[in-house]
Amino acid sequence: MEHKKKIQVKDLDFFYGENQVLYNINLDIPEKKVTALIGPSGCGKSTFLRCLNRMNDLIPGIKVRGKIILDGQDIYDTGVDVVKLRSKVGMVFQKPNPFPKSIFENVAYGFRIKGIKDKDFIDERVKTSLRMAGLWEEVHDRLSSSALGLSGGQQQRLCIARAVAVEPEVLLMDEPASALDPIATKKIEELIYELKKEFTIVIVTHNMQQAARVADYTAFFLMGKLIEFDKTENIFTSPRKKETEDYITGRFG
Amino acid sequence: MKKRSIQNSISKIIPMPLAFSPLWPFIPICNLRDFSLLLNKGRSPNTQIQGEGSLLSYKTKDNIIKYLFFLCALVSVLVLGLIVYFLFIEGVPIFKVVSFKDFLFGKYWYPTSDPPSFGILPLFLGSIYVTGLSSVFSIPLGVLTAIYLAEIANPKTRSIIKPIIELLAALPSVVIGFFGMVVVAPFLQKYLDLDTGLNMFNAALMLAFMSIPTICSISEDAIYSVPRELKEGSLALGATHLQTIIRVILPASISGISTGVILGMSRAIGETMVVLMVAGGAAMIPESIFDPVRPMPASIAAEMGEAPYHSEHYFALFAIGIVLFFLTLIFNLIADHISHKYKQVGASTL
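Basis of the calculations
Numbering of residues starts from 1 in every chain and runs along the sequence as written. The lettering of chains begins at A and the numbering of ligands begins at 1, in the order of writing. With pLDDT at 70 or above as the cut-off, local features in this predicted model cover only qualifying residues; side-chain atom pairs require 80 or more to be listed or tallied, and sums for whole chains, interfaces and linings still use all residues. The basis for every side-chain value is the complete set of non-hydrogen atoms in the structure, without hydrogens or water. Whether two residues are in contact is decided by their heavy atoms, any of which lying within 4.5 Å being enough. Defined here as a combined quantity, buried area equals the accessible surface (1.4 Å probe) lost by two parts on assembly, summed across both. The rule for a salt bridge is simple: a side-chain nitrogen of Lys or Arg has to be within 4 Å of a carboxyl oxygen of Asp or Glu. What qualifies as a polar contact is a pair of N or O atoms within 3.5 Å, subject to a donor-acceptor requirement within protein and to the restriction that residues adjacent in sequence count only when both atoms come from side chains. Every helix listed is a DSSP run of H or I at least four residues long, and every strand listed is a run of E at least two residues long, numbered separately from the N terminus. Amino acids outside the nonpolar list (Ala, Val, Leu, Ile, Met, Phe, Trp, Tyr, Cys, Pro) and the charged list (Asp, Glu, Lys, Arg) are all regarded as polar, and Gly is one of them. The criterion is simple. A nonpolar core is a set of buried Ala, Val, Leu, Ile, Met, Phe, Trp, Tyr and Cys residues joined through side-chain atoms within 4.5 Å. Using a 1.4 Å probe on the protein chains alone, a residue whose accessible area is under 20% of its type maximum counts as buried, one over 50% counts as exposed, and one in between counts as partly exposed. Aromatic pairing here means that ring centres of Phe, Tyr or Trp (its six-membered ring) are within 6.5 Å. Orientation follows from the plane angle: under 30 degrees is stacked, over 60 is edge-to-face, and everything else is tilted. Any Lys NZ or Arg CZ that is within 6 Å of a ring centre and within 35 degrees of that ring's normal is treated as a charge sitting over the ring. Axis definition: a line fitted to C-alpha atoms, limited for helices to the stretch in contact. Angles are taken between N-to-C directions and run from 0 to 180 degrees. Note that the term roughly parallel is reserved for angles under 35 degrees, roughly antiparallel for angles over 145, roughly perpendicular for angles of 65 to 115, and oblique for everything else. For two strands to pair, DSSP has to find at least two bridges joining them. Note: crossing handedness is left-handed where the near helix turns anticlockwise from the far helix by less than a right angle, and right-handed where it turns clockwise. In summary, the charge assignment counts Lys and Arg as positive and Asp and Glu as negative, without counting His or the chain termini. To estimate how far a helix should extend, the number of its residues minus one is multiplied by 1.5 Å.

**Student:** I keep staring at the interface of chain A and chain B and nothing clicks. Help me out?
**Tutor:** Many analyses report the size of an interface as the accessible area lost when the parts associate. The partner chain B presents 22 residues to the 29 residues of chain A that form the contact. Both faces combined, the contact of chain A with chain B buries some 2200 Å², and carbon together with sulfur accounts for 67% of it. Of all residues in chain A, the largest losses of buried area upon contact with chain B belong to A:P100, A:Y109 and A:I113, amounting jointly to 23% of the total for that side. Summed over the shared surface of chain A and chain B, the result is one salt bridge. Close ionic contact of A:R50 with B:E232 constitutes a salt bridge, the shortest N to O distance being 2.6 Å. Inspection of the chain A/chain B interface yields five residue pairs in polar contact (both at pLDDT 80 or more). When contributions to the side of chain A that touches chain B are tallied by element, the ones reaching two or more residues are helix 2 (82-88), strand 6 (89-92), helix 3 (103-113) and helix 6 (152-165) of chain A. Looking at which element gives the most residues to the side of chain A that touches chain B, the answer is helix 6 of chain A, with four residues. Residues that form the side of chain A that touches chain B fall into these classes: 16 nonpolar, six polar and seven charged.

Here it is in structure tokens:
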């Protein structure tokens, strides 16, 4: 791979209780590129994504083996501060999940929890983040109204603004457009294209056209195993594995 | 239940031709009607949706059921209406003897002296103080326990502690009163050097025990039902668990928590047996939290037996009942208002 590696995943196994969900995943995620994870439902791609910011820690009875190295540091080391890790590795979820607060407070949340009081700084960052998420024009005159009054697509872009406001280095997206209509989806995809200038993006998607459109690299998962990982054009035009070809040509899944 | 599902799955999975030959051992499981449906499968759909020619049409049956349920709902409304009506009939005549203002703000409750004095302020304040003091104990304890159970305790601990707390609600109030009388009162008297352990503090403590289950249980449900997405959204931004609880989970569940708190308080304010047993029963305006008090329900319970039928005293006790009724009504209205105004808000609904 010619790009700098942001995250290196080494021999990753993952268990829910006795159930093994991920088998020996080895994968290098390039910096400031979009990496898409595709595969049929239940193949472990979301689980894998949630390993990258240790979101799975919330679920009781999980077990992780192997290493995930972010900037030279294994994030599953005992000394790692999960809170710091998560402010470095942000996440956008499948369903838009704005807090029941105002639009402004949603974006400012990351600063509030860090105890930042500087009002000018927060105002400025909120504005830039909303701009970055392409939402500023739509909401600048109603920042203090509830975020729950926004449409689904706007809410999702608000969640993206909220995530980028704290300036993470990696942005994880778990099917960010699956609950949105085609127009909102298009906006999100354009946004991803912009965001990759500044962030390393890992995106889980069910939609193969979406992966083909937005991703520089694509990883294909099947039954908890990483089948193939390559540049997106290679995956979609000349896959090396038969399973990959079967999946992207729609023979199953 | 099991048999039913077997029948269903059989009639779903058996294709027509197969139904005959190799499945004879299964046929007795299906009742006759299922079997005939199976046979009818190939025919026109009309034969299947025809009614069964029973005495009453489904529509009539539906209507009968509907009115039956309506009647059941009506009974409780009717009973409430009758109680309120009765309360007013029996309580209002006291206002011929004493003005409404003197009744509510009079400082002396001497219903049996000559001339009698019907001022319920000491009783009213007794109720308010006792309830207020008890909520000082019960709200923090109840809400914090709820947070612990819903957010911090592991599922196993939760499954043990939650039923125990709910069991506390099942304790008869006379048992709690007895505990306050026999255990807490001597303790207070001895260690705080009081004239009597039967006082406002003791009563407030016992009432707190009674309202904690309500507060805790309702709050816990509210906190537990905050969508996981919200919690994850906060954690994913680098918030600690505590920050997530304070800034996201509590605001999102505030309506449920407030409802729990107010219902718990309204339980405390209407509670009779405990205050009758441990509050001390002195009809005076308390000056310290260790003074004995006589809350309204305790007065009614203690005096009703000795008040002659349709005497002024009797009317006055019913008038206290009216005041109490309005007090709990206000509490319930507030709870209702809060739960509507701050509806539980979850992840977005698309």
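**Student:** Which parts of the structure should I look at to understand the side chain of B:S127?
**Tutor:** Tracing the chain through its elements places B:S127 in helix 6 (residues 121-152). In this view, B:S127 contacts B:I269, B:P295, B:M296 and B:P297; residues no more than four positions away in its chain are not counted.

**Student:** How should the nonpolar core be read in this particular structure?
**Tutor:** One recurring pattern in soluble globular proteins: nonpolar side chains tend to sit buried together. By size, the foremost hydrophobic cluster in this structure holds 53 residues, and its most contacted members are B:F103, B:W109, B:I120, B:M296 and B:I320. For this core, the secondary structure elements donating two or more residues are helix 3 of chain A together with helix 5 (100-105), helix 6, helix 9 (200-224), helix 11 (241-252), helix 12 (254-270), helix 14 (296-304) and helix 15 (312-341) of chain B. It is helix 15 of chain B that provides the largest number of residues to this core, a total of 14 residues. Excluding residues that lie within four positions of it along the chain, B:F103 makes contacts with B:F95, B:V98, B:F118, B:G119, B:I120, B:L121, B:A316, B:A319, B:I320 and B:V323. Counting 46 residues, the second largest nonpolar core, distinct from the first, contains A:V107, A:A108, A:L143 and A:F199.

**Student:** Help me out: how do you make sense of unusual backbone geometry in this one?
**Tutor:** Most of the time, phi is negative for any residue but glycine, and the peptide bond is trans. The residue after B:D114, namely B:P115, is reached through a cis peptide bond having omega 0°. When you line up the elements, B:P115 lands in the loop between strand 1 (109-110) and strand 2 (117-118). Its identity as a non-glycine residue notwithstanding, A:N24 has a phi of 45°, on the positive side. Along the chain, A:N24 turns up in strand 2 (residues 19-30). Of note, the phi angle at A:M223 is positive, near 50°, even though the residue is not glycine.

**Student:** Is there a simple way to explain the packing of aromatic side chains in this structure?
**Tutor:** Aromatic rings in a pair are described by how distant their centres are and how their planes are angled relative to each other. By the definition in use, this model includes 19 aromatic pairs over all chains. For the pair A:F111 and A:F121, a centre-to-centre distance of 5.5 Å together with 80° between the ring planes defines the contact as edge-to-face. Of this pair, A:F111 sits in helix 3 while A:F121 sits in helix 4 (residues 119-132), and the two are 10 residues apart along the sequence. We classify A:F111 as buried; its relative accessible area is 5%. Using a relative accessible area of 34% as the deciding quantity, one classes A:F121 as partly exposed. Ring centres of B:Y309 and B:Y314 lie 5.3 Å apart, and the angle between their planes is 70°; on these two criteria the pair is classed as edge-to-face. Owing to a relative accessible area of 62%, B:Y309 belongs among the exposed residues under this scheme. Members of the aromatic cluster, connected to one another through ring pairs, are B:F86, B:Y309, B:Y314, B:F315 and B:F318. A cation over an aromatic ring shows up here: B:K66 above the ring of B:Y67, its NZ or CZ 5.9 Å from the ring centre.

**Student:** Sorry if this is basic, but what is going on with the packing of helix 12 of chain B against helix 15 of chain B here?
**Tutor:** How two helices pack is summed up by the angle between their axes together with the distance between the axes. Residues and elements named next belong to chain B. Between helix 12 and helix 15, the least distance of the axes is 8 Å, while the angle of their chain directions is 170°. Put simply, helix 12 runs roughly antiparallel to helix 15. Residue-level inspection shows S255, S258, T259, I262, L263, M265, S266 and I269 of helix 12 in contact with helix 15, the latter providing L324, L327, T328, F331, N332, I334, A335, I338 and S339. The residue makeup of the contact of helix 12 with helix 15, split by class, is 10 nonpolar, seven polar and no charged.

**Student:** It is not clear to me how the pairing of strand 7 (residues 170-174) of chain A should be interpreted in this structure. Could you clarify?
**Tutor:** Side-chain direction in a regular strand flips from residue to residue, so the side chains alternate between the two faces of the sheet. All names here are of chain A. Burial runs high along strand 7: five of the five residues are buried. Going residue by residue along strand 7, you find V170, L172 and D174 tucked away on one face and L171 and M173 tucked away on the opposite face as well. Bridge count between strand 6 and strand 7: four bridges; the pairing is parallel. Pairing of G90 across the sheet is with L171, part of strand 7. Bridging between strand 7 and strand 8 (residues 200-204) involves five bridges; their strand directions are parallel. Its bridge partner being in strand 8, M173 is matched across the sheet by I203.

**Student:** Looking at this structure, how should I read the packing of helix 4 of chain A against helix 6 of chain A?
**Tutor:** Residue and element names in this part refer to chain A. In contact at an axis separation of 8 Å, helix 4 and helix 6 are set at 130° when each is read in the N-to-C sense. Our classification of the angle between helix 4 and helix 6 gives oblique. Crossing handedness for the pair helix 4 and helix 6: right-handed. In this structure, helix 4 contributes R125, S129, L130 and M132 to the contact, and helix 6 contributes L158, A161, V164 and A165. Residue composition of the contact of helix 4 with helix 6, grouped by class: six nonpolar, one polar and one charged.

**Student:** Would you mind showing me how to read the side chain of A:R86 here?
**Tutor:** Among the secondary structure elements, A:R86 is positioned in helix 2. Despite its burial, A:R86 pairs with no opposite charge; the closest candidate is A:D57, at 4.6 Å N-O.

**Student:** Any chance you could explain helix 4 (residues 58-91) of chain B here in plain terms?
**Tutor:** All names here are of chain B. Taking 1.5 Å of rise per residue, 34 residues should cover 50 Å, and helix 4 covers 49 Å from first to last C-alpha, within 8% of that figure. Buried within helix 4 are the following residues: V84, L87, E90 and G91. On its buried side, helix 4 packs onto helix 15.

**Student:** What's the story with the environment of A:E194 in this structure? I'm lost.
**Tutor:** Structurally, A:E194 is set in helix 7 (residues 182-195). In sequence terms A:E194 and A:F229 are 35 residues apart; their C-alpha atoms lie 23 Å from each other.

Keep in mind that these numbers describe shape and distance, not what the molecule does.
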